[in-house]
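# Coordinate analysis (summary)
As a plain string of letters, each chain reads:
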Amino acid sequence: EVGENIFLYKVYTFRSYSYEIGIDFYIQNDSGNDVFFKHYGLLRYKKDKTNSGILDSGIRSYEGGAVYTDSKPYKKISFDELKEKNYSYNGVGGWIAFLERYFISAWIPDKDNEYIYIAEKILDKIYSFKYLSFNDLKVNSSECSHVYTTLFVGPKSNSFINNLSKGLELSIDYGIFWPIASPIFFLLSYIFSF
């Protein structure tokens, strides 16, 4: 119960052999008045690792935030940028993600609605990546509204993220040797399929 006679139900859907989590939000309004809500998803990250050694130099794959924008399907948001100022972008559909060397956590809301994507530094070494619905969700009295979103938490693998959302496949970082590594990866994957 999130208010007097206002109920929020969350239904999490897990699928076998998938890192995709479907989340259905149902808001039942029995309060007698119309109510308004914002829909959001949040990822927090504590950066307590320090870069050291030759493997942590320029050859290392990107770690930080990323977002889909209309003008750039894969916009990086580095921790260094967030130390200087917060990031905010309004767009229809899209996604916001946190990327590590081998893994990705991404919120992928409904592609037909407008959202505000925000990345910010909360405290020392603690960062937040989130989306927030641009328009309020109106729930009339004695009605139930539904919102669906997807949370992906798993490996950076073409087989898992290719069809989730436009531009998300660009999060797979082959490093500075991507012109060579990318075709070799597809060749090895093709051979492995036999």
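Above this note sits the structure.
Residues numbered from 1 in each chain as written. Predicted model: local features only at pLDDT ≥ 70, side-chain atom pairs only at ≥ 80, totals over all residues. Heavy atoms only, no water.

### As for the sheet that holds strand S8 (residues 96-99)
Put simply, the rule reads: For two strands to pair, DSSP has to find at least two bridges joining them. A run of H or I in DSSP counts as a helix once it spans at least four residues, and a run of E counts as a strand once it spans at least two, with each numbered from the N terminus. Lines fitted to C-alpha atoms define the axes here, with helix axes fitted over just the stretch in contact, and angles between the N-to-C directions of these axes take values from 0 to 180 degrees.
Strand order in the open sheet formed by seven strands is S1-S2-S13-S9-S8-S5-S6, and the pairing between neighbours is antiparallel. Of all the strands in the sheet, the pair left with one neighbour each is strand S1 (6-14) and strand S6 (75-77). Strand-to-strand twist across the sheet, computed as the mean angle between neighbouring axes with direction ignored, equals 20°. Looking at chain direction, S8 and strand S9 (residues 103-109) are connected through four bridges and run antiparallel.

### Quick look at the side chain of Thr149
Let me state the cut-off plainly: We define a polar contact as two N or O atoms separated by no more than 3.5 Å, with the added condition that, inside protein, one atom must be a possible hydrogen donor and the other a possible acceptor, whereas residues neighbouring each other in sequence contribute only through side-chain atom pairs.
With respect to the element layout, Thr149 can be found in strand S13 (residues 143-155). Only 3.4 Å separates the side chain of Thr149 from the backbone oxygen of Ile108, close enough to count as a polar contact.

### Some remarks on unusual backbone geometry
Trans is the common state for peptide bonds, and a negative phi is the common state for residues other than glycine. To keep things clear, this is the line we draw: Working definition: with a 1.4 Å probe on protein chains only, accessible area under 20% of the residue-type maximum means buried, over 50% means exposed, and in between means partly exposed.
Here Tyr17, not a glycine, exhibits a phi torsion of approximately 55°, which is positive. Mapped onto the secondary structure, Tyr17 falls in the loop between S1 and strand S2 (20-29). Even without being glycine, Ser142 reaches a positive phi, approximately 65°. Looking at the element boundaries, Ser142 is found in the loop between strand S12 (137-139) and S13. Classification of Ser142 as exposed rests on a relative accessible area of 57%.

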